[in-house]
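A closer look at the structure
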Amino acid sequence: MTVKRARDLAFSGIVLIAAAIWIFPLYWALTTSLRSENRIVSDAGVIIDELNFSAYLSVLSNSKLPMWYLNSVGTSLIITVIVLVTGMMCAYALSQLRFPGRKMLYLVVVASFMVPVPALYVAQFVLMSDLNLVNTWWGIILPQLIVPVVVIVYKQFFDAIPREMREAVLLDGGGEFTLLFKLYLPLNWGITAALAIITFISAWNNFFWPFLIATSENMMTIPVGITQVNDSFGVAYARMMALALLAAAPVIIGYLVFQKRVTEAVMISAGVKG
């Protein structure tokens, strides 16, 4: 056996071990959710030897999971659309237009990375309360619309487009909106898709702010709602795992479908923040 072959086998073995360690918690959650509560307490095995869907049926019938799904999907979609549109327009202005304070405004956008988001929660909650937006969709949405990474990524892309293309459109009578939505946007659908995915996942997984602003179960999102499922006779492990898997299912399915775009989004975000 050559040294290269041995190195490749060792690397493959390490990758397989790491993959097994990563996937085991998910597998354990699945096996737990498919057992009866009595079996979970009496048998700690991890082999799927029964298919008991009572935990899933109980969660779907005794919780407000459909409402939490609606809240999560609705708020996440609105956040994603507004963040992309406003971020794209802001980046276009910073990249292509010339106006006083442009460089200073861009420095403010970059400097916003230095502000920890939890440090703003108190001020944001007071503001939402003054606007009577506590326990509303807009109360959940508005504080999540500031995503500087979107502005920075779009600006870097717009800076790389030759100005000759812009000048040609202007000579043909096109305006700024024509340039943005008919020239620049079609050129960066890949970046837009990647940013949309990472923004949606971030909004979907956000827990602390929706936990603060949603005061009733009808307005809770999935991450907050799953913390409200309790049992009068103790912890219902099967139901908790079933609920957690149902909550994570859209993100898991989305990742499997858009795996390439998710990877691009993570790389873009890590590159900008690094």
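So, a few notes on the structure that sits alongside this text.

Criteria and thresholds
- Residues numbered from 1 in each chain as written.
- Predicted model: local features only at pLDDT ≥ 70, side-chain atom pairs only at ≥ 80, totals over all residues.
- Heavy atoms only, no water.
- Helix = DSSP H or I, 4+ residues; strand = E, 2+ residues; numbered from the N terminus.
- Core = buried A, V, L, I, M, F, W, Y, C linked by side-chain atoms within 4.5 Å.
- Buried < 20%, exposed > 50% of the residue type's maximum accessible area, 1.4 Å probe, protein only.
- Contact = heavy atoms within 4.5 Å.
- Phe/Tyr/Trp six-rings, centres within 6.5 Å; stacked < 30°, edge-to-face > 60°.
- Lys NZ or Arg CZ within 6 Å of the ring centre and 35° of its normal.
- Salt bridge = Lys/Arg side-chain N within 4 Å of Asp/Glu carboxyl O.
- Axes fitted to C-alpha atoms, helices over the stretch in contact; angles between N-to-C directions.
- Parallel < 35°, antiparallel > 145°, perpendicular 65-115°, else oblique.
- Left-handed = near helix turned anticlockwise from the far one by under 90°.
- Nonpolar A, V, L, I, M, F, W, Y, C, P; charged D, E, K, R; others polar.
- Polar contact = N/O pair within 3.5 Å; in protein donor to acceptor, adjacent residues only side chain to side chain.
- 1 Å grid on protein atoms, 1.4 Å probe; cavity = no way out; pocket = protein on both sides within 12 Å on 5 of 7 lines; lining within 4 Å.
- Points joined across faces, edges and corners; volume = space filled by probe spheres on them.

We now examine unusual backbone geometry. Even without glycine at this site, asparagine 132 takes up a positive phi of about 60 degrees. Note on placement: asparagine 132 falls in the loop between α6 (121-130) and α7 (137-141). Here the phi dihedral of asparagine 135 falls at roughly 65 degrees; this positive angle occurs in a residue that is not glycine.

Attention now goes to the nonpolar core. Membership of the largest hydrophobic core comes to 28 residues, with the highest contact counts inside it found for Val150, Tyr154 and Phe158. Broken down by secondary-structure element, the contributors of at least two residues to this core are α4 (65-96), α8 (148-160), α10 (176-187) and α11 (189-205). With eight residues, the single largest contributor to this core is α8. Beyond its immediate sequence surroundings of up to four residues, tyrosine 154 is in contact with Leu84, Gly87, Met88, Ala91, Asn188, Thr192 and Leu195. Counting 20 residues, the second-largest nonpolar core is a separate cluster that includes Ala55, Ala214, Ala242 and Leu246.

Geometry of an aromatic ring pair is reported as the spacing of the ring centres plus the angle between the planes. Summed over the entire model, instances satisfying the criterion amount to eleven aromatic pairs. Cluster of aromatic residues (ring-pair linked, three or more members): Tyr92, Tyr154, Phe157, Phe158 and Tyr184. Just above the ring of tyrosine 106 sits the side chain of lysine 155; from NZ or CZ to the centre is 4.6 Å.

Oppositely charged side chains are able to pair whenever their charged atoms sit close together. Using the criterion set out here, one finds one salt bridge in the structure. Measuring nitrogen to oxygen at the nearest pair gives 2.8 Å for the salt bridge that ties lysine 155 to aspartate 159. Remark: aspartate 159 and lysine 155 occur in helix α8; sequence separation between them is four residues, near one turn of the helix. Judged by its relative accessible area of 42%, aspartate 159 is partly exposed.

Helix packing geometry: the angle between the two helix axes and the distance between the axes. Closest axis-to-axis distance for the helix α5 (residues 102-111)/α8 pair is 9 Å, and the angle between their directions is 130 degrees. The pairing of α5 with α8 is recorded here as oblique in orientation. Of the two elements, α5 crosses α8, and the hand of that crossing is left-handed. Along the contact surface, α5 presents Tyr106, Val109 and Val110, while α8 presents Pro148, Val151, Ile152 and Lys155. In the contact of α5 with α8, the residues fall into six nonpolar, no polar and one charged.

Tracing the backbone through its elements, the reader meets threonine 136 in the loop between α6 and α7. In this structure the C-alpha to C-alpha distance between threonine 136 and methionine 219, which are 83 residues apart in sequence, comes to 6.8 Å. There is a polar contact of 2.5 Å between the side chain of threonine 136 and the backbone oxygen of leucine 133.

Further remarks concern the side chain of glutamine 124. Of note, glutamine 124 is situated in helix α6. Contacts of glutamine 124, omitting those with residues within four sequence positions, involve Pro143 and Trp209.

Turning our attention to the layout of surface pockets. Volume-wise, the largest pocket comes out at about 720 Å³. Lining of the largest pocket is provided by 22 residues; of these, Val117, Ile146, Val147, Pro148 and Ser202 occupy positions nearest its centre. Sorting the residues of the lining of the largest pocket by element identifies α6, α8, α11 and α15 (259-273) as the ones contributing at least two each. Per element, the largest residue contribution to the lining of the largest pocket is four residues, and it comes from α11. Counted by class, the lining of the largest pocket contains 14 nonpolar, seven polar and one charged residues. Here the second largest pocket defines a volume of roughly 230 Å³. Around the second largest pocket sit Trp22, Leu26, Ala248, Val251, Ile252, Tyr255 and Leu256, which together line it. Elements that contribute at least two residues to the lining of the second largest pocket include exactly α1 (3-33) and α14 (237-257). Top element by residues in the lining of the second largest pocket is α14. It accounts for five residues. The residue inventory of the lining of the second largest pocket, partitioned by class, reads seven nonpolar, no polar and no charged.

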